Amino acid sequence: MVLKYKTTADIPVAKRIVDQVIGQQAAVDIIKKAAQQRRHVFLIGEPGTGKSMLGVALAELLPKEKLVDILAFPNPNDENQPLIRTVPVGQGRQIVAQSRMQSSGKAINVVFILLIVASFIFPYWWWRANPLKLGETANAIIFASSMLGAMLVVAGFIISLRMGARVGVQKNAPKIIVDNFDRKQSPFYDATGSIAGALLGDVLHDPFQSGGLGTPAHERVVAGMIHKANMGVLFVDEIATMDRQTQQELLSALQERKFAITGQSERSAGAMVRTEPVPCDFVLVAAGNLETLKNMHPALRSRIRGYGYEVFMEETILDTEETRDKIAVFVAQEVTKDTRIPHFDKSAVDEIIEEARRMASRKGHLTLRLRNLGGLVRAAGDIAVEDKAKVVTKEHVVRGRHVARPLEKQLADRYIERKKEYQVIMTEGKKVGRVNGMAVIGGEDSFSGILLPIEAQVTPGGKKTEFIATGKLGEIAKEAVKNVSAIILKYFGEDLKEKYDIYIQFLQTYEGVEGDSASIAIAVAIISSFQNVPVRQDLAMTGSLSVRGDVLPIGGVSSKVEAAIEAGIKEVIVPKSNVNEIIIDKDKLKKIKITPVETIEDVLKVALDWNGKKDILRRISDKA
């Protein structure tokens, strides 16, 4: 069913979190099964795809009638092993309050009686034992002073009694360590990045360990998130960043469904205290990316897999009318959650959908990295608020895109500006051996395009022809240079009988170069230098190469083309298979010519000025 709306205010927002998850239907189905059967779940995917949201949704679906409060009691037989008891939810506070009232009530009664008796008897006794004949006024002053002194003595005595009473209350009254009073749904705890004490529980250090003033062991017990999540959900993102010992103890808690609390530091007095096992029957939702699989404790992963599910999160979704409506629903949800921005009209939603296409970097798909998309929604909304607009329009989204630029994009803009200023990037004229390549900076979650100037120089060499690349190249980039060398030898092997050194330099790439998308640029630079054929500087290119000379697709094509436009480039060469993935504002796209290519010969025909040297181009075509 197609959504019909003027603004996102007309779009109903689901109440349940599980119904608000966009584009992860397979994961949602698993979460529903896991909630029904209390299974563990391992979610693998890129940031911003909804992993934590699924964890909260699971907690929402779990039944809450089995929740309990957990109390720590003093152990009369061994003070360093507090007793652990569970009671129905809500009764923990009652038990603690009643115990404290009984203990403190007795102490208060004794103190009050002593106050009354001492305040009157002690001054009277002193007066009778020490009569003085100093006159009525002097005697009255002496009597009043005696009375005041007696009261101060008694007050000090009372404070001592109350301190003793407080210690008595602490020693006898239990402590509630897991309190589920008035909880509306099953607990959800995000333990991402937690230290061992916060995750597994701890026993606090006691500075007063003698003289009867020490805090009883059970009062120093602090429950960990595994205990607070009892009968609920424990969510741990980037679980492999936990040290192996903590992962091992988390595994023990999963297996036994109970875990004793002890001091997590050997230097703490709490290390001498160890409670009885504390219930921790939680559902674990672990999350991470593909690197997590390499570093995660194998036994812990095996436990999750054996008693639950593993899910690989979707990063994109097919671009259809139905999925575009889901993005509209997402916008409505974000506005409702934020509460501080106005709703979006249809033109603004369409612009958000266009951004979802661009972020997908995949033909016919929309991104599911919705956290970044949500940032654009809020940026556009903030601009609308600033303009005092009743609804967010397309103009606000366009302006919001600039405001919400990731750091990588801001760095790329400065990079291009400064390199043009120092003429490192050239956008006009022709030059031998120099090519404008294109690259991206940043990770998969957030990246931006930049121009990558590449120069080549061919010089007489030593014993054999060598290809030498500089510019802090990564492994894939080095392999790309080797692949290009095979193509050069294919076309110009006979000419290379004399030995040459072929130098390839990635200009001012202090952060390093990785990937093979500069392959066609490297090949063009070498051929230009070797044959002394100039390269057009108003043109940039990107594309991988097979060893047979076919141009292969690359990633981040939209960001690369956008960077070329902003740098003032007039034409870009891209792999033909990437053309439909170029999602850029139509007004911007009018400023540049897109030339798709399939082979290195196609690239050479466009990029080089063959004036007077077309015989070389014909020779290349004959050998293709």
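Note that the structure is a prediction, hence the values are computed from the model and not measured.

Chemist: How do you make sense of the overall build of the protein when you look at a structure like this?
Modeler: Broken down by element type, the protein carries 20 helices and 25 strands. For the protein, the residues scored as buried account for 46% of the 624 residues in total. Entry remark: accessible area of the protein is about 31,700 Å², with carbon and sulfur atoms responsible for 53%.

Chemist: In this structure, what is going on with the packing of helix α7 (residues 244-256) against helix α9 (residues 298-306)? I would like to understand it.
Modeler: Two quantities define a packed helix pair, namely the angle between the axes and the distance from one axis to the other. The N-to-C vectors of α7 and α9 enclose an angle of 30°; their axes lie 9 Å apart at closest approach. Judged by the angle between their axes, α7 and α9 are roughly parallel. As α7 runs across α9, the sense of the crossing is left-handed. Contact residues: α7 offers R244, Q247, L250, L251, L254 and Q255, while α9 offers P298, A299, L300 and R303. A per-class count over the contact of α7 with α9 returns six nonpolar, two polar and two charged.

Chemist: Looking at this structure, I do not really get unusual backbone geometry. What am I missing?
Modeler: What is expected of a backbone is that most residues other than glycine have negative phi and most peptide bonds are trans. Phi at R38 is positive, roughly 55°, even though this residue is not glycine. Tracing the backbone shows R38 in the loop between α1 (25-37) and β1 (40-44). A positive phi angle is found at E238, which is not glycine, with a value near 45°. On the secondary structure map, E238 appears in the loop between β8 (233-236) and α7.

Chemist: What's the story with the sheet that holds strand β5 (residues 188-190) in this structure? I'm lost.
Modeler: Two pairing modes exist for strands in a sheet, parallel and antiparallel, and in both the strands are linked by backbone hydrogen bonds. If you walk across this open sheet you meet the five strands as β5-β8-β11-β1-β12, and the pairing is parallel. One side of each edge strand has no neighbouring strand; the edge strands of this open sheet are β5 and β12 (308-312). Averaged over all pairs of adjacent strands, the angle between their axes in this sheet comes to 15°, without regard to strand direction. Pairing between β5 and β8: three bridges, direction parallel. In the sheet register, F188 faces β8, and the bridge partner there is V233.

Chemist: Looking at this structure, I do not really get the sheet that holds strand β2 (residues 68-73). What am I missing?
Modeler: Taken in spatial order, the three strands of this open sheet run β3-β2-β4, and their pairing is antiparallel. Since the sheet does not close on itself, it has two edges, and those belong to β3 (83-88) and β4 (175-178), each with one partner. On average, adjacent strands in this sheet sit at an angle of 35° to one another, irrespective of strand direction. As paired elements, β2 and β3 share six bridges and run antiparallel to each other. Bridge pairing links I70 to T86 in β3.

Chemist: Can you walk me through the nonpolar core in this structure?
Modeler: As a rule of thumb, nonpolar side chains are buried together in soluble globular proteins. Of all hydrophobic cores here, the largest spans 44 residues; its most connected members are I454, V524, M541, V603 and L604. Of all the secondary-structure elements, those providing two or more residues to this core are β16 (434-442), β17 (447-460), α15 (475-492), β19 (500-506), α16 (519-531), β21 (539-541), α19 (600-607) and α20 (614-623). Sort the elements by how many residues they give to this core and α16 lands first, with nine residues. Setting aside residues no more than four positions away along its own chain, M541 makes contact with V435, N436, G437, M438, I520, A521, V524, I573, V603 and A607. In terms of nonpolar packing, the next biggest core, distinct from the first, is built from 27 residues, Y5, I11, A332 and I341 among them.

Chemist: Quick question: what am I supposed to make of the environment of L452 here?
Modeler: Looking at the secondary structure, you find L452 in strand β17. On the accessibility criterion, L452 (4% relative accessible area) is buried. Linking L452 and A518, residues 66 residues apart in sequence, is a C-alpha distance of 8.4 Å.

Chemist: What exactly am I supposed to notice about helix α2 (residues 51-61) here?
Modeler: Each turn of an α-helix holds 3.6 residues, which means side chains three or four residues apart point in the same direction. Here α2 has its buried residues at K51, L54, G55, A57, L58 and A59. Its buried side turned inward, α2 meets α1, β1, β5, β8 and β11 (283-288).

Chemist: Would you mind showing me how to read α7 here?
Modeler: Taking 1.5 Å as the rise per residue, α7 with 13 residues should run 18 Å; its terminal C-alpha atoms sit 18 Å apart, in good agreement. Within the span of α7, buried status applies to T246, Q247, L250, L251, A253 and L254. Relative to the axis of α7, the buried residues are bounded by an arc of 160° and lie together on one face. Opposite its buried face, α7 presents the exposed residues Q245 and E256, each directed more than 90 degrees away. Regarding α7, its N-cap is D243, as a side-chain oxygen of that residue lies 3.2 Å from the backbone nitrogen of Q245 further along. A positive backbone phi angle near 60° is found at R257, which sits one or two residues after α7.

Cut-offs used in this document
- Residue indices begin from 1 for each chain and proceed along its sequence in written order.
- Since the coordinates come from a predicted model, pLDDT governs what is reported: local features require at least 70, and pairs of side-chain atoms require 80 or more to be given and counted, while whole-chain, interface and lining totals use all residues.
- Calculation of side-chain values draws on the structure's entire complement of heavy atoms; hydrogens and water are dropped beforehand.
- Strands are runs of DSSP state E lasting at least two residues, helices are runs of H or I lasting at least four, and both sets are numbered from the N terminus onward.
- Here's how the labels work: a residue is buried when its accessible area is under 20% of the maximum for its type, exposed when over 50%, partly exposed in between, all with a 1.4 Å probe on protein chains only.
- Where accessible areas are quoted, they stem from the Shrake-Rupley method and a 1.4 Å probe; at the residue level, only the protein chains shown are allowed to cover.
- Only the stretch in contact is used when a helix axis is fitted, and all axes are lines through C-alpha atoms; the angle between N-to-C directions ranges over 0 to 180 degrees.
- Between 65 and 115 degrees an angle is taken as roughly perpendicular, under 35 as roughly parallel, over 145 as roughly antiparallel, and anywhere else as oblique.
- Crossing chirality is assigned from the near helix's rotation relative to the far helix, an anticlockwise turn below a right angle marking it left-handed and a clockwise turn marking it right-handed.
- Residues are treated as being in contact if the distance between any of their heavy atoms lies within 4.5 Å.
- Charged residues are taken to be Asp, Glu, Lys and Arg, nonpolar residues to be Ala, Val, Leu, Ile, Met, Phe, Trp, Tyr, Cys and Pro, and polar residues to be all remaining types, Gly included.
- We call two strands paired when DSSP finds no fewer than two bridges between them.
- As used here, the term nonpolar core means buried Ala, Val, Leu, Ile, Met, Phe, Trp, Tyr and Cys residues forming a set that is joined through side-chain atoms within 4.5 Å.
- How far a helix is expected to stretch is found by multiplying one less than its residue total by 1.5 Å.
- Think of it as the arc spanned by the lines of direction from the helix axis to the C-beta atoms.
- Polar contacts here mean pairs of N or O atoms no more than 3.5 Å apart (in protein, one a potential hydrogen donor and the other a potential acceptor; neighbouring residues in sequence count only if both atoms are side-chain atoms).

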